[in-house]
Amino acid sequence: MASNNDPLPSYKADFLNACISAGVLKFGSFTLKSKRVSPYFFNAGLFHRFDLLRIIASAFAHTLAGHIDSSSLDFDVLFGPAYKGIPLSAATGLELAALDAEKFGKKDYSFNRKEAKDHGEGGSIVGAPLKGKRVVIIDDVITAGTAIREAIDIIHREGGQLVGIIVALDRMEKMPGTGVDDDAAPRPSAIGEVRKQYGVPVLSVLTLNDIIAGLTGIGSEEDIRRMEEYRAKYKASD
Ligand SMILES: O=P(O)(O)OC[C@H]1O[C@H](OP(=O)(O)OP(=O)(O)O)[C@H](O)[C@@H]1O
Ligand SMILES: O=C(O)c1cc(=O)[nH]c(=O)[nH]1
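Residues numbered from 1 in each chain as written. Chains lettered and ligands numbered in written order. Predicted model: local features only at pLDDT ≥ 70, side-chain atom pairs only at ≥ 80, totals over all residues.

## Section: the overall build of the chain
From N to C terminus, the chain includes 8 helices and 8 strands. The globule rule puts the C-alpha radius of gyration for 238 residues at 18 Å, and the 18 Å found for the chain is close to it. Summarising its shape, the C-alpha atoms of the chain cover approximately 55 × 40 × 35 Å along the three principal directions. Going through the 238 residues of the chain one by one, you find that 37% of them count as buried. Counted over contacts in the chain with a minimum sequence separation of 6, partners at least 24 positions apart contribute 71%. (Helix = DSSP H or I, 4+ residues; strand = E, 2+ residues; numbered from the N terminus. Rg over C-alpha atoms; globule rule 2.2 N^0.38 Å. Buried ≥ 20, exposed ≤ 12 C-beta atoms within 10 Å, placed from the backbone. Contact = placed C-beta atoms within 7 Å.)

## Observations concerning the site of ligand 2
Taken together, Leu32, Lys33, Ser34, Phe41, Phe42, Asn43, Asp140, Val141 and Thr143 are the residues near ligand 2. Of all the secondary-structure elements, those providing two or more residues to the shell around ligand 2 are strand 2 (37-42) and strand 6 (134-142). Considering only residue class, the shell around ligand 2 consists of 4 nonpolar, 3 polar and 2 charged. (Near = placed C-beta within 6 Å. Nonpolar A, V, L, I, M, F, W, Y, C, P; charged D, E, K, R; others polar.)

## Things to note about the site of ligand 1
In the region of ligand 1, 16 residues are neighbours, and Tyr83, Lys84, Ala144, Thr146 and Ala147 sit closest. Within the residue set of the shell around ligand 1, elements represented by two or more residues are strand 6 and helix 5 (146-157). Residue contributions to the shell around ligand 1 peak at 4 residues, all from strand 6. Of the residues belonging to the shell around ligand 1, the class tally is 8 nonpolar, 4 polar and 4 charged.

## A closer look at helix 3 (residues 85-99)
Over its 15 residues, helix 3 extends 21 Å from the first C-alpha to the last, a length consistent with the 21 Å expected when each residue adds 1.5 Å. For helix 3, the full list of buried residues reads Gly85, Ile86, Leu88, Ser89, Ala91, Thr92, Gly93, Glu95 and Leu96. (Expected span 1.5 Å × (residues − 1).)

## Some thoughts on the confidence of the model for the chain
On average, the chain scores 90 in pLDDT, and the residues at 70 or more come to 94%. The complex prediction reports pTM at 0.90, with the ipTM value standing at 0.91. (pLDDT = per-residue confidence, 0-100.)

## Looking at unusual backbone geometry
With the exception of glycine, most residues fall at negative phi, and the peptide bonds are largely trans. A cis geometry characterises the amide bond from alanine 82 onward to tyrosine 83, with omega recorded as -5 degrees. By the secondary structure assignment, tyrosine 83 is in the loop between strand 3 (77-80) and helix 3. Here lysine 35, not a glycine, exhibits a phi torsion of approximately 80 degrees, which is positive. Positionally, lysine 35 belongs in the loop between strand 1 (25-31) and strand 2. Residue classification places lysine 35 among the exposed positions, given that 9 C-beta atoms sit within 10 Å.

## Points about the environment of alanine 190
Take alanine 190: it is sitting in helix 6 (residues 190-198). Along the sequence, alanine 190 and alanine 236 sit 46 residues apart, while their C-alpha atoms lie 8.7 Å from each other. The contacts of alanine 190, once residues within four sequence positions are left out, are Ile142, Thr143, Ala144, Gly145, Ile148 and Met175.

So this is what it looks like as structure tokens:
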């Protein structure tokens, strides 16, 4: 089993280095959607240059295709929740088709509108209909799980079957609690809970452990220390 100190495989190290040099992965002090204050932040919106978009799409495509080859997971539609999931679903679909046209070329992608359209064809889904389809969700990050649960609700409402989830980064942190002693109590991660509740694989290109391992030797000692402290404080129990 990989330990926290093992060197990263090269595709992960390349992806991590691209994230750092493009400013997608930043170190400092950031308030998350869950209101937690984090020493790092992954901003997938900054993959706006085409060569960088290709790097993240290719990392997603290799992670997903590798898992499909080694398991019984297969899918019909790659679903990217609005907003940041939208370009990720389209770009990853292109990379999958380039990787294996026969296997992936005829698969579909789709995404939701944050506000349903009430004219024209109406509705809140753009792209492939989800009814009766095996759906994989693709998104940037899962922290507290709010966004991913909204995406799962959309798929179920549209009559699709969730078969898997892939994200760029698994932050490996416990879900926020409701009490004042939030930080002290052990709790599972949102990813762990989604895996348990829906019985589907949740894949990630990188994890928090990968970032800390990859920073060793290239990051500042202060950044690494703050990341390790954050991991010790918020690490999920699963
Ligand atoms: O697990 P959570 O605590 O929900 O947080 C993570 C999600 O929140 C952010 O997206 P957001 O919903 O802000 O939408 P956006 O893509 O429009 O920025 C982020 O891109 C993740 O998808
Ligand atoms: O939890 C979040 O809000 C969050 C974390 C992160 O690293 N990146 C992001 O876009 N959102």
